[in-house]
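Single-letter residue listing:
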Amino acid sequence: MMAQSTIAVMKDIIAVQSSPSTTFTYVPAETKKRKREAKVVLRPCHPGPFELCSEGVPDEQYAEALHCMLRKCRRLVVVVGAGISVGAGIPDFRSSTGLFQTVKDDFKLKGSGQSMFDSSVYKDAATTSMFHSMVNTLHTLSQDAKVTKFHQMLSELSTEKRLLRLYTQNVDCLEISLSGLETAVPLPVKAPWPKTIQLHGGLQKMVCAKCGWMAPFDPTVFQEDRIPECNECREWDSVREVVGKRTQGVGRLRPRIVLYNEFNPDGEAIGKVTSSDLKARPDGMLVVGTSLKVPGVRRIVKEMSAAVHAANGIVVWVNEIDPPAAKMFENCFDLILKGDCQEIPSILERWEKSKTRPKRAPSTRQKKSESASDIVSSITNKTISENDRKITDVFKVKKKAVGRVNGVKLEK
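In this report, the structure presented in the accompanying data block is examined. (Residues numbered from 1 in each chain as written. Predicted model: local features only at pLDDT ≥ 70, side-chain atom pairs only at ≥ 80, totals over all residues. Heavy atoms only, no water.)

With that settled, the discussion passes to the sheet that holds strand β6 (residues 214-216). Strand order in this open sheet of three strands is β6-β5-β7, and the pairing throughout is antiparallel. Each edge of the sheet is formed by a strand with only one pairing partner; in this case those strands are β6 and β7 (253-257). Across this sheet, the average inter-strand angle for adjacent strands is 40°, counted without regard to direction. As paired strands, strand β5 (residues 201-208) and β6 are joined by three bridges and run antiparallel to one another. Looking at the pairing, Met-206 lines up with Ala-215 of β6. (Pairing = 2+ DSSP bridges. Helix = DSSP H or I, 4+ residues; strand = E, 2+ residues; numbered from the N terminus. Axes fitted to C-alpha atoms, helices over the stretch in contact; angles between N-to-C directions.)

With that settled, the discussion passes to the nonpolar core. Core analysis: the largest hydrophobic core is formed by 34 residues, its most contacted members being Leu-70 and Phe-150. Among the secondary structure elements, those contributing two or more residues to this core are α2 (60-72), β2 (76-80), α5 (149-159), β3 (163-168), β8 (284-288), β9 (314-319), β10 (335-338) and α9 (344-355). Sort the elements by how many residues they give to this core and α2 lands first, with six residues. Apart from the residues within four sequence positions on either side, Phe-150 is in contact with Val-80, Ile-84, Leu-286, Val-288, Cys-341, Gln-342, Ile-344 and Pro-345. Membership of the second largest hydrophobic core comes to 29 residues, among which are Phe-100, Met-116, Met-134 and Val-171. (Core = buried A, V, L, I, M, F, W, Y, C linked by side-chain atoms within 4.5 Å. Buried < 20%, exposed > 50% of the residue type's maximum accessible area, 1.4 Å probe, protein only. Contact = heavy atoms within 4.5 Å.)

Moving on: the sheet that holds strand β1 (residues 50-51). The seven strands lie next to each other as β1-β10-β9-β8-β2-β3-β4, forming an open sheet whose pairing is parallel. A single partner strand is all that each edge strand has here, and the edge strands are β1 and β4 (196-198). Here β2 runs beside β8; their pairing, made up of five bridges, is parallel. Bridging across to β8, Val-80 finds its partner in Val-288. The strands that α2 touches are β1, β2, β8, β9 and β10; relative to β10, the one it contacts most, it runs at about 110°. Relative to β3, α5 is tilted by about 145°, and along the sheet it contacts β2, β3 and β8.

Dropping the structure here:
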């Protein structure tokens, strides 16, 4: 009886499977790739400004958005200024204790200390001497400084493949001393480009203003009002003199930093890098420690913020002061944080700890499901006995052995 009922059931199954109404047709996937939807990065209810929390649990309105950007963005652009190096012992430029004010007081200037960073310093022996003194002091500070927590956080972002590019206005070269934040001097015009772009050069090199020869910066050659000569130009001039050709003159060495009102030797390459980064659809931007007074940097931040917003990303401002009130920066920053940028790594760590909860004990329902799964696994792993095998064989689909005895069909 059992065998007959089993055969009847199998006939019904075969009939259903062969029925036209239950036939499945394979539909191939579309050959055209779909564009990936941009993920909306979490934004706070209002942009702020928020005061960075120095202790205790930070404000969730900004901490969660900051955490989301630094932990989830894959193409993050960071633009930094002198404010990130204050914690390393290097003064900024425009604050009441910055370099502009210090230089003005030390050299008793009538105007602003910014004049010591202008290309006109080489027009006068007195200003050249003051410039050399200031550059040597800044170089000493940079050599003695140690990278801060914020610098290390940028290095970690690069190591985790989250940092698309770091644009720095600093000449202290602290960023490029860390793994993953290397640069190239001079900056190549064609890709691949380094992770860090020095917008204003750096004090790690000195360069000849005539032939472009470079060497590691040597503060001993920049003394008083003497502008050192280029050894490469001098040797080349000596060779020309020996072969009877007229001399072409000897160039002068200077620190490879970009002063106000002068040509940037990496200007073309920087333009190529920014164009490439804009096309890469950055999904987040962090603007830290800069007052955005330099026109070129203002333009980079403005254009990059538009690209970030087009990708549903977030733009964050971090500084002791408010962002510029210029019309070009309206609706530019989604989150404004006022305070020391060195607090950001600690804020992220405290916020993550405040959000971690101990694992809950399994519920009664979970326990029942776990016990049921244990029973099933024990049954499947158990060796089937001879009697059990005979019973289960009845329900298996077997090939039919067909024979005829006296014209009657027989089945096994």
